[in-house]
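Chain residues, written in single-letter form:
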Amino acid sequence: MVLDYVPQIDPVKCIGCELCVKLCPSDALGMINDVATFTAEEECEYSGTCQEICPTEAINLVYVIVFSGEKGGRRQ
Ligand code: SF4
């Protein structure tokens, strides 16, 4: 599955503990210069594991909110 968006990693907050790299069920993350990076972005399935285990809250999942222009199934 290829997602349009992957979680964002704040390189300033990342302390390089590698927890997210080791626990990502999709092996989508790797380390570059001691900072977590999506080295296999196409493998990300948005499990949320990385965000949950990061001790510094360096990872945030991005959500896209789409407004349909409709309310209650009817056009206003
Ligand atoms: S879990 Fe957080 S602090 Fe640790 S390597 Fe990943 S992004 Fe960096």
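Residues numbered from 1 in each chain as written. Predicted model: local features only at pLDDT ≥ 70, side-chain atom pairs only at ≥ 80, totals over all residues.

Student: Got a minute to help me understand the nonpolar core in this structure?
Tutor: Side chains that are nonpolar tend, in soluble globular proteins, to be buried together. Among the nonpolar cores identified, the biggest contains 12 residues, and these are Val6, Ile9, Cys20, Cys24, Ala28, Leu29, Ala36, Cys44, Cys50, Cys54, Ala58 and Ile59. Discounting chain neighbours no more than four positions away, the residues touching cysteine 54 are Leu19, Cys20 and Ile59. (Core = buried A, V, L, I, M, F, W, Y, C linked by C-beta atoms within 7 Å. Buried ≥ 20, exposed ≤ 12 C-beta atoms within 10 Å, placed from the backbone. Contact = placed C-beta atoms within 7 Å.)

Student: I tried to follow the environment of glutamine 8 on my own but got confused; where do I start?
Tutor: If you trace the backbone, glutamine 8 turns up in strand S1 (residues 8-9). Since 12 C-beta atoms lie within 10 Å of it, glutamine 8 is described here as exposed. A C-alpha to C-alpha distance of 9.5 Å links glutamine 8 and glutamine 51, two positions 43 residues apart in sequence. Not counting the four nearest positions on each side in its chain, glutamine 8 is found in contact with Asn60 and Val62. (Helix = DSSP H or I, 4+ residues; strand = E, 2+ residues; numbered from the N terminus.)

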